[in-house]
Amino acid sequence: MKEKELQKLFQSLTLKEKIGQLVQLSGEFFGSVDEVSTGPAKKMGIHPEMVSLAGSVLNVAGAKSVISIQKSYLERSQHKIPLLFMGDIVYGYRTILPIPLGQGATWNPELIQENYNNIGMEASKAGIDVTFSPMVDLVRDPRWGRCLESTGEDPFLNSQFAAAVIKGFQGNLTVNNVATCVKHFAAYGATEGGREYNTVDMSERRLRQDYLPSYKAAVEAGSKLVMTSFNTLDGIPATANKWLLDEILRKEWGFDGVIITDYAAIHELIAHGVAQDEKEAAQLAINATVDIDMKTSCYANQLEPLVREGKIDNELINQAAWRILCLKNELGLFENPYRGASINEEKFMHTDESRTKALQASRESIVLLKNENNILPLDVKKSKIAVIGPYTNSKSIVGMWSFHGKQDEFTSIQDAFEKLDTHNIKFAKGCDYLEDYSILGSFGKMLNPSNESTLDMEQQTLQAVKLVEQSDLVVLALGEHMLQSGEAGSRTELELPRVQKKLLDTVAKTGKPIVLVLFSGRPLVLTNIEKQVDAILQVWFPGSEGGQAIVDVLTGKFNPSGRLTMSFPYSVGQVPLYYNSFNTGRPISTSQHSDRFLSRYLDAPNGPLYPFGYGLSYTKYEYANLSLSSEILNDETTITISVDIQNSGSKAGIETVQLYIQDKIGSVVRPVKELKGFKRVFLQPGEIKKVIFEVNEEMLRFYDKNLCYQSEKGDFRVFVGHSSQEYLEADFTLI
Ligand code: NOJ
């Protein structure tokens, strides 16, 4: 629709109709064909008239349902303004990608972009207009279950992935694409103690330096929506935070799209203790320029009285409703309210093309953490192999945010092994994921109401050990239960579930070599189990093609290339733990103080077990000849940094060359190093390639002592290498 027509339509709306646009309700409010469901409306205390005016729907998917709801809604609607269908298509619709923490480990945003384009197509065919993705919260605390949804602890890397996901999903915003909603704005990853829905508090410098860049990158990549986070920032909940939403997001960054709350977040302003009641909560949120109220009655019931009583400016509602209408128009809903929704949706789901791309992403997400005596890759023709553990034949390999996937389309490890032409591989479950499902709360009761008896587990273990004894080597497929991470998956212990640890101990006693295939939605603490096994493959939740990807890596069909984007701690007591930290005044390596009085733990090293950027391969890469085109940089010049990488092993592989920079002296303390670039290079055995990076003044900017974003003259160090801890280094000066 032309803007003029849209304006005309807008002018014809009453205040109530405009408020309706600001209300988002879930599917149960809309009768399937021709009725507004009154039950849920009554429960929420919202008038059926408001349901019939609501502007958007939460988490309804499937072309049939979407078309039917839209059709009956429009039939009853006076102005024929279509509903917007929004949903959590976080990392897959029918084709499920590896979890974002695994996507980060690919260091391959281009591949991730292509994959999101595919899953965006699936979602749009199922009637989704807007996806609540990407989640770009920076994460430094693996106790938080939502590390799973993030690409990790680095602002630069997260920003690359934020842009990739948005470009993939949104494309040119045709009917084959969906609009994105970046979340959770802002700094939700810094929730205290890693506990879900908890407080966040940090300096403005840290916020701007580390936490905001990925959201900003998402806005710059054109994300149409932003979702507020559940947390407070400096004592103000994000959903009521005018400084954050209006000053920074809208005015400073120029975001003119739609801001939506997280689920029920306006009402939660009361529990936070910043609003007396729903009315005050609605007032705070609309003043902060929040456009859509997800799933509460605050806007629906309170905005009209607030305007009438002169407590809020009518203009705030006009602006919010206008932004929502513009989004609907941009998505072409006025011309085609069903957009991509296709009664032939099946044809577009889990296609060969999307499976192939997802398989590639899964393979590239896998990180080889240990490979003693090159026990991997496996020789399935020569060795007798026992594949043991609850993940052996599991389809629960997709992580929590994958509601629309179909288990019968997923490939388990056993499925993939069985395709190989060998009789050398035998399988046994060994034990269940958990000894007690009640730790998963209401989810646990759903999954295992009776709680499987431990006797069964003992028998399973005996059977598995028998297999192990007849084999040359064991592949142990263990890990967190899929629901131990994800939303509300906070944990204080980051070990393997006890029953699985017991299985590992029992298998280790046989003395057979062990390859651990480890599933998790976060870094686990592997300090003890690392000693018991010969190899570790960190496979995250690898997605619908996960089993195949794992077997491809185990057998050497694919040479692992994944690199960690979150540090793996030695001990949970170290967290938050991240590579781009400060030195402190008493650094452990260079301070003159006696060892007792250094910045360190008495009972653990300072550093991680496995650092940021780390990951092994079946070949070896050697770095040499780091050279800088100049040791002097100024505002107008560029330094070219080059390094030679040689594949000195016998297998072709992909090396991710990482560039870090340290600003040695600043007006404020600067991190020990910061990622500034990376390049993936494919190398045949023996091959040498020169890799080149360019460094300019802009890359050296930061928030100085006056919170101005600029560089400061002085000395810098560059590190080019295989990880944040293995590199060559050189110095230059900015004049
Ligand atoms: C709550 C979660 O925090 C958010 O990420 C999600 O998009 C919404 N619920 C909607 O389901």
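A quick note: this is a predicted structure, and the numbers were derived from the prediction, not measured.

### Describing the overall build of the chain
Move 1: Secondary structure assignment for the chain yields 22 helices and 26 strands.
Move 2: Taking 27 Å as the expected radius of gyration for a compact globule of 735 residues, we find that the chain reaches 27 Å, a close match to that expectation.
Move 3: By its C-alpha atoms, the chain is 75 × 65 × 45 Å across when sized along the principal axes.
Move 4: In the chain, which comprises 735 residues, the proportion classed as buried is 61%.
Move 5: Here the contacts in the chain between residues at least 6 apart in sequence split such that 78% fall between residues at least 24 apart.
Move 6: A total of about 28300 Å² of accessible surface is found on the chain, and carbon and sulfur atoms cover 48% of it.
Move 7: Looking at charge distribution, the chain has the averaged site of its 76 positive side-chain charges lying 2 Å from that of its 91 negative ones.

### Digging into the environment of Lys-216
Move 1: Here Lys-216 is to be found in helix α10 (residues 213-220).
Move 2: Along the chain, Lys-216 and Val-182 lie 34 residues apart, while their C-alpha atoms are 9.7 Å from each other.

### Re the side chain of Thr-106
Move 1: Looking at the secondary structure, you find Thr-106 in helix α6 (residues 100-106).
Move 2: Residue classification places Thr-106 among the buried positions, given a relative accessible area of 0%.
Move 3: Those residues in contact with Thr-106 that sit more than four places away from it in its chain are Ile-112, Phe-161, Ala-361, Glu-364, Ser-365 and Arg-680.

### Some words on unusual backbone geometry
Move 1: The omega angle of the peptide bond from Ser-133 to Pro-134 is 5°, so this bond is cis rather than trans.
Move 2: One can find Pro-134 in the loop between β4 (130-131) and α8 (155-170).
Move 3: Note that the residue after Val-575, namely Pro-576, is joined by a cis bond; omega there is 0°.
Move 4: Unlike most non-glycine residues, Ala-187 shows phi in positive territory, near 65°.
Move 5: Relative to the assigned elements, Ala-187 resides in the loop between β5 (179-185) and α9 (204-211).
Move 6: Although it is not a glycine, Ala-488 sits at a positive phi angle of roughly 60°.
Move 7: Relative to the assigned elements, Ala-488 resides in the loop between β14 (473-479) and α20 (498-509).

Analysis parameters
Residues numbered from 1 in each chain as written. Predicted model: local features only at pLDDT ≥ 70, side-chain atom pairs only at ≥ 80, totals over all residues. Heavy atoms only, no water. Helix = DSSP H or I, 4+ residues; strand = E, 2+ residues; numbered from the N terminus. Rg over C-alpha atoms; globule rule 2.2 N^0.38 Å. Buried < 20%, exposed > 50% of the residue type's maximum accessible area, 1.4 Å probe, protein only. Contact = heavy atoms within 4.5 Å. Areas by Shrake-Rupley, 256 points an atom, 1.4 Å probe, with all protein chains shown as cover. Lys, Arg positive; Asp, Glu negative; His and termini not counted. Charge placed at Lys NZ, Arg CZ, Asp CG, Glu CD.

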